[in-house]
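Survey of secondary and tertiary structure
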Amino acid sequence: MTDVVIAGIGQTEVGEHWEISLRDLAYKALHSALEDSGGLKPQALFVGNMLAPNLPIKRILAR
């Protein structure tokens, strides 16, 4: 069995962010996760979106 470590997590504040692009929101969450990781380098990145089942934008996140 392979050991797995969740080294860091990041998220954007919940709310309406009309002035921020989806890419910039993702960058903010990723940057926060990397800071939280304490310098560990990720081998994998997983992205979640709690609204994905209800939004057509989910197809953009999967690209």
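Residues numbered from 1 in each chain as written. Predicted model: local features only at pLDDT ≥ 70, side-chain atom pairs only at ≥ 80, totals over all residues. Heavy atoms only, no water.

Structural notes on the overall build of the protein
Scanning the protein from terminus to terminus reveals 2 helices and 0 strands. Evaluated residue by residue, the protein yields a buried proportion of 8% over its 63 residues. (Helix = DSSP H or I, 4+ residues; strand = E, 2+ residues; numbered from the N terminus. Buried < 20%, exposed > 50% of the residue type's maximum accessible area, 1.4 Å probe, protein only.)

Here we look at helix α1 (residues 22-36)
An α-helix turns once per 3.6 residues; consequently, residues spaced three or four apart project the same way. Its 15 residues give α1 an end-to-end C-alpha distance of 21 Å, which sits within 8% of 21 Å, the value for a rise of 1.5 Å per residue. All of the buried residues in α1 are L25, A29 and A33. Looking straight down α1, one finds its buried side chains confined to an arc of 70°; they lie on one side. Exposed and facing more than 90 degrees away from the buried side of α1 are R23, Y27 and E35. At the exit of α1 stands G38, carrying a positive phi of roughly 70°. (Expected span 1.5 Å × (residues − 1). Arc of directions from axis to C-beta.)

Examining a nonpolar patch on the surface
A grouping of L30, L34, L45 and V47 is seen on the molecular surface, where their side chains present a nonpolar patch of about 380 Å² in accessible area. Overall, L45 belongs to the exposed group, its relative accessible area being 57%. (Patch = residues over 30% accessible without salt bridge, like charges linked within 9 Å, V, L, I, M, F, W, Y side chains within 5 Å. Areas by Shrake-Rupley, 256 points an atom, 1.4 Å probe, with all protein chains shown as cover. Salt bridge = Lys/Arg side-chain N within 4 Å of Asp/Glu carboxyl O.)

Focus on the environment of S32
Within the element layout of this structure, S32 appears in helix α1. Taking the C-alpha atoms as reference, S32 lies 7.0 Å from I9; in sequence the two are 23 residues apart. Dropping the residues within four chain positions of it, S32 is found in contact with I9, G10 and Q11. (Contact = heavy atoms within 4.5 Å.)

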